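# Architecture and fold: a report
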Amino acid sequence: MISRWESVVPGGPEWPSLIKDDSLLDAVRALDEHSRRTASICTGAFLLAAAGLLDGRRATTHWRFADQLALRYPKVTVEADSLFVRDGHVMTSAGVSSGIDLSLALVEEQLGADTARAVAKDMVVFMQRPGGQSQFSVRTHSPRARQEMLRRVLDAVAEDPSTEHTLATMARRAGVSTRHMTRLFHDEMTTTPARYVEPVRMEAAQAMLAGGDDPLATVARHTGFGSPESLRRAFARNLGITPGAYRTRFRTTDGSGDTARVREPHAPGRYTDGSSR
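Each residue is numbered by its place in its chain's sequence as written, counting from 1. Restriction of local features to residues with pLDDT of at least 70 applies here, the model being predicted, together with a cutoff of 80 or more for giving and counting side-chain atom pairs; totals for whole chains, interfaces and linings are based on all residues. Side-chain figures throughout are based on the complete set of non-hydrogen atoms in the structure, without hydrogens or water.

### Observations regarding the nonpolar core
Among soluble globular proteins, nonpolar side chains are generally buried collectively. The cut-off we apply is this: Working definition of a nonpolar core: buried Ala, Val, Leu, Ile, Met, Phe, Trp, Tyr and Cys residues. They are joined through side-chain atoms within 4.5 Å. Burial classes follow relative accessibility: with a 1.4 Å probe on protein chains only, a residue under 20% of its type's maximum area counts as buried, one over 50% as exposed, and anything between as partly exposed. Secondary structure elements are taken from DSSP: a helix is a run of H or I of four residues or more, a strand is a run of E of two residues or more, and numbering for both begins at the N terminus. In what follows, a contact means two residues having at least one pair of non-hydrogen atoms within 4.5 Å.
Membership of the largest hydrophobic core comes to 19 residues, with the highest contact counts inside it found for Ile19, Leu48, Leu54 and Tyr73. Considering every element that reaches this core, the biggest residue donor is helix 3 (residues 44–50), with six residues. Excluding residues that lie within four positions of it along the chain, isoleucine 19 makes contacts with Leu25, Phe46, Leu47, Ala50, Arg72 and Tyr73. Val153, Met181, Leu184 and Val200 belong to the second largest nonpolar core, which has 16 residues in total.

Put into structure tokens, the structure is as follows:
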């Protein structure tokens, strides 16, 4: 009797030709038949779909290819923003980094949360990253400011979110009027100073909550929110959960396989699992 194992199908840029390889798809089906769990990373979901293993299931893949997966395989319910999705014995993940999230979930399922935490710590990664594929670093993925004075202001916000970053202090730092600073943010960042600062502070707070056990008062003070209540309001407004609930997400990979119910920033009432508040 063949023992049962976990099968993981990797992705790659050659997926358009691989999904036409009948012998490869037969091999994927054979692996699935003898596996406790079948998983894919990134565009590996296309091979699972081509083999018929995702028919009637929820699945995800890299955001860049999610529309193609849904178009090619209408029997698959594509959750484009999920980091990884489990539906029955089949798991699919988004990009390569999300494959780490999926792998940690498999480790936790087989060996327990303590072992998964130890592996995550050794790899210097989070146990589980709440949210979805659309959540990226504010500073890295914001439009690049053309004005050097504005770049200095943005760098100051990122380097120390706890400092006062009002419109007036930003203008003084850049040596311009508040009106001119407002115009710079509007023209180059397509936002306001206040709306830029809060997501940066949110990222800092998320990192502190995920990486340590500091009291909420300490997290709020070090990230510029000032008080635990202000921190709670910001989390409710941006993520739809409390800071405590966010921290809990990093104590487990959510081995149940349910998609993390964390709302996308600035998308009121919508969760990454597709449900509403």
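### Some points on the sheet that holds strand 2 (residues 35–40)
Rules: Two strands pair under a simple rule: DSSP has to find at least two bridges between them. A fitted line through C-alpha atoms serves as each axis, taken over the contacting stretch for helices, and the angle formed by two N-to-C directions is quoted from 0 to 180°.
Judged by pairing direction, the sheet is mixed, and its four strands sit side by side in the order 1-2-6-5 without closing on themselves. Both edges of this open sheet fall to strand 1 (5–9) and strand 5 (84–87), since each of them pairs with a single strand only. On average, each strand axis in the sheet is tilted by 15 degrees relative to the strand beside it, whichever way the strands run. Looking at chain direction, strand 5 and strand 6 (residues 90–93) are connected through four bridges and run antiparallel. The residue bridging aspartate 87 from the neighbouring strand is valine 90, located in strand 6. Strands in contact with helix 2 (residues 22–33) are strand 1 and strand 2; relative to strand 2, the strand with the most contacts, it is inclined by about 135 degrees.

### Here's the deal with the packing of helix 8 (residues 148–159) against helix 10 (residues 178–189)
Convention followed: An angle below 35 degrees is read as roughly parallel, one above 145 as roughly antiparallel, one from 65 to 115 as roughly perpendicular, and any other as oblique. Gly is placed with the polar residues, together with every amino acid not listed as nonpolar (Ala, Val, Leu, Ile, Met, Phe, Trp, Tyr, Cys and Pro) or charged (Asp, Glu, Lys and Arg).
Running from N to C, helix 8 and helix 10 point in directions that differ by 90 degrees, and their axes come no closer than 11 Å. As the angle between them shows, helix 8 and helix 10 are arranged roughly perpendicular. Taken together, the residues of helix 10 that come into contact with helix 8 (itself represented by Met149, Leu150, Val153 and Leu154) are Met181, Leu184, Phe185, Glu188 and Met189. Class assignment of the residues belonging to the contact of helix 8 with helix 10 gives a composition of eight nonpolar, no polar and one charged.

### Some details on the environment of alanine 207
On the secondary structure map, alanine 207 appears in helix 11 (residues 193–211). Remark: the alpha-carbon pair of alanine 207 and arginine 247, spanning 40 residues in sequence, is separated by 9.5 Å.

### Describing helix 2
Basically, it comes down to this: Expected span, for any helix, means 1.5 Å times one less than how many residues it has. Arc, as used here, means the arc of the directions from the helix axis to the C-beta atoms.
Under the 1.5 Å per step criterion, the end-to-end length of helix 2 is 16 Å for twelve residues, consistent within 8% with the ideal 16 Å. Along helix 2, the residues that are buried comprise Leu25, Val28 and Asp32. Considered in projection along helix 2, the buried side chains sweep an arc of 55 degrees and stay on one side of the axis. Pointing more than 90 degrees away from the buried face of helix 2 are the exposed residues Ser23 and Glu33.

### Remarks on the pattern of salt bridges
Here is the rule: Criterion for a salt bridge: a side-chain nitrogen of Lys or Arg within 4 Å of a carboxyl oxygen of Asp or Glu.
Under the counting rule described, the total for this entry stands at twelve salt bridges. With a closest N to O distance of 2.8 Å, glutamate 109 and arginine 37 form a salt bridge. One end of the pair, glutamate 109, is in helix 5 (residues 96–111); the other, arginine 37, is in strand 2, with 72 residues separating them in the sequence. Here glutamate 109 falls in the partly exposed class, since its relative accessible area comes to 33%. Exposure remark for arginine 37: the relative accessible area of 10% places this residue in the buried category. Here arginine 232 ties to glutamate 229 by a salt bridge, and the two come within 3.8 Å at their closest N and O atoms. Of this pair, arginine 232 and glutamate 229 are both found in helix 13 (residues 228–238), three residues apart, which corresponds to roughly one turn of the helix. With relative accessibility at 41%, the residue glutamate 229 sits in the partly exposed group.

### Thoughts on the confidence of the model for the protein chain
Defined as follows: The quantity known as pLDDT measures the predictor's confidence residue by residue, on a range of 0 to 100.
Confidence along the protein chain averages 82 in pLDDT terms, with 81% of residues attaining 70 or more. Of all secondary-structure elements in the protein chain, the lowest mean pLDDT belongs to helix 7 (residues 138–141), at 58, while helix 3 reaches the highest, 98. Across residues 255–277, where pLDDT falls below 50, the model places 64 contacts with residues more than four positions away in sequence or in other chains.

### Some words on the side chain of arginine 86
Quick note on the threshold: Distance and chemistry together define a polar contact, namely a pair of N or O atoms within 3.5 Å, with one atom able to donate a hydrogen and the other to accept it when in protein, and with adjacent residues in sequence counting only for side-chain atoms on both sides.
By the element assignment, arginine 86 lies in strand 5. Residue classification places arginine 86 among the buried positions, given a relative accessible area of 9%. In this structure the side chain of arginine 86 is engaged in a polar contact, spanning 3.1 Å, whose partner is the side chain of glutamate 109.

### What about the packing of helix 8 against helix 9 (residues 167–174)?
The packing of two helices is summarised by the inter-axis angle and the distance between the axes. What counts is decided by this rule: Helix crossings are classified by the rotation of the near helix relative to the far one: an anticlockwise turn of less than a right angle makes the crossing left-handed, while a clockwise turn makes it right-handed.
Contact geometry for helix 8 and helix 9: axes closest at 9 Å, N-to-C directions at 130 degrees. Classified by the angle their axes make, helix 8 and helix 9 are oblique. In terms of crossing hand, the pair formed by helix 8 and helix 9 is right-handed. Where helix 8 approaches helix 9, its residues Met149, Val153, Ala156 and Val157 are matched on the opposing element by Met170, Arg173 and Ala174. The residue inventory of the contact of helix 8 with helix 9, partitioned by class, reads six nonpolar, no polar and one charged.

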